[in-house]
Amino acid sequence: MYQPLHQFKAEFFKALGHPLRLVILEQLVTGEKSVTDLQAALGVDQSSVSQQLAILRTRNIVDTRKDGTTVFYRLRDPLIAELLELARSIFNNHLIDTQAMLQQLATTDT
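Residues numbered from 1 in each chain as written. Predicted model: local features only at pLDDT ≥ 70, side-chain atom pairs only at ≥ 80, totals over all residues. Heavy atoms only, no water.

As annotated in an unreviewed UniProt entry, the protein chain carries the name Transcriptional regulator and is attributed to Candidatus Chloroploca asiatica.

**Q** Before we go on, may I ask you to explain helix α2 (residues 19–28) in this structure?
**A** An α-helical turn contains 3.6 residues, so a residue and the one three or four places further along point in the same direction. Taken as a whole, α2 has its buried residues at L20, R21, I24, L25 and L28. Along α2, the residues classed as buried sweep out an arc of 140 degrees about the axis, all on the same side. (Buried < 20%, exposed > 50% of the residue type's maximum accessible area, 1.4 Å probe, protein only. Helix = DSSP H or I, 4+ residues; strand = E, 2+ residues; numbered from the N terminus. Arc of directions from axis to C-beta.)

**Q** Can you help me understand the side chain of R21 in this one?
**A** You can see R21 is positioned in helix α2. Although buried, R21 forms no salt bridge, and the nearest oppositely charged side chain, E11, lies 9.2 Å from it. Among the polar contacts listed, one links the side chain of R21 to the backbone oxygen of A15, at a separation of 2.6 Å. Look past the residues within four positions of R21 in its chain and what remains in contact with it is K14, A15, Q52, I55 and L56. (Lys, Arg positive; Asp, Glu negative; His and termini not counted. Salt bridge = Lys/Arg side-chain N within 4 Å of Asp/Glu carboxyl O. Polar contact = N/O pair within 3.5 Å; in protein donor to acceptor, adjacent residues only side chain to side chain. Contact = heavy atoms within 4.5 Å.)

What follows is the structure, given as structure tokens:
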């Protein structure tokens, strides 16, 4: 019933379906970062950051570069940054629509 491309897309979006992974990706939009950098920026323990990065890496959303003992993570495709920005625009539009609806409800209740 589903084609392999549909399964691929579903797995891709599933990988984006965790708040910490989204925050990590937003951090990586500005450039590569180590686990330590991400941990400090997010105030999250190292194991949580590493676990989420492993999922993003498995789904080929982030890439790594090793410098000595430090592993740096970066977005594999710069279009991920555009996808996050587009999602932000969609959510903003949704919020604007919701606010307008709430204002309309408030004026009709009185």
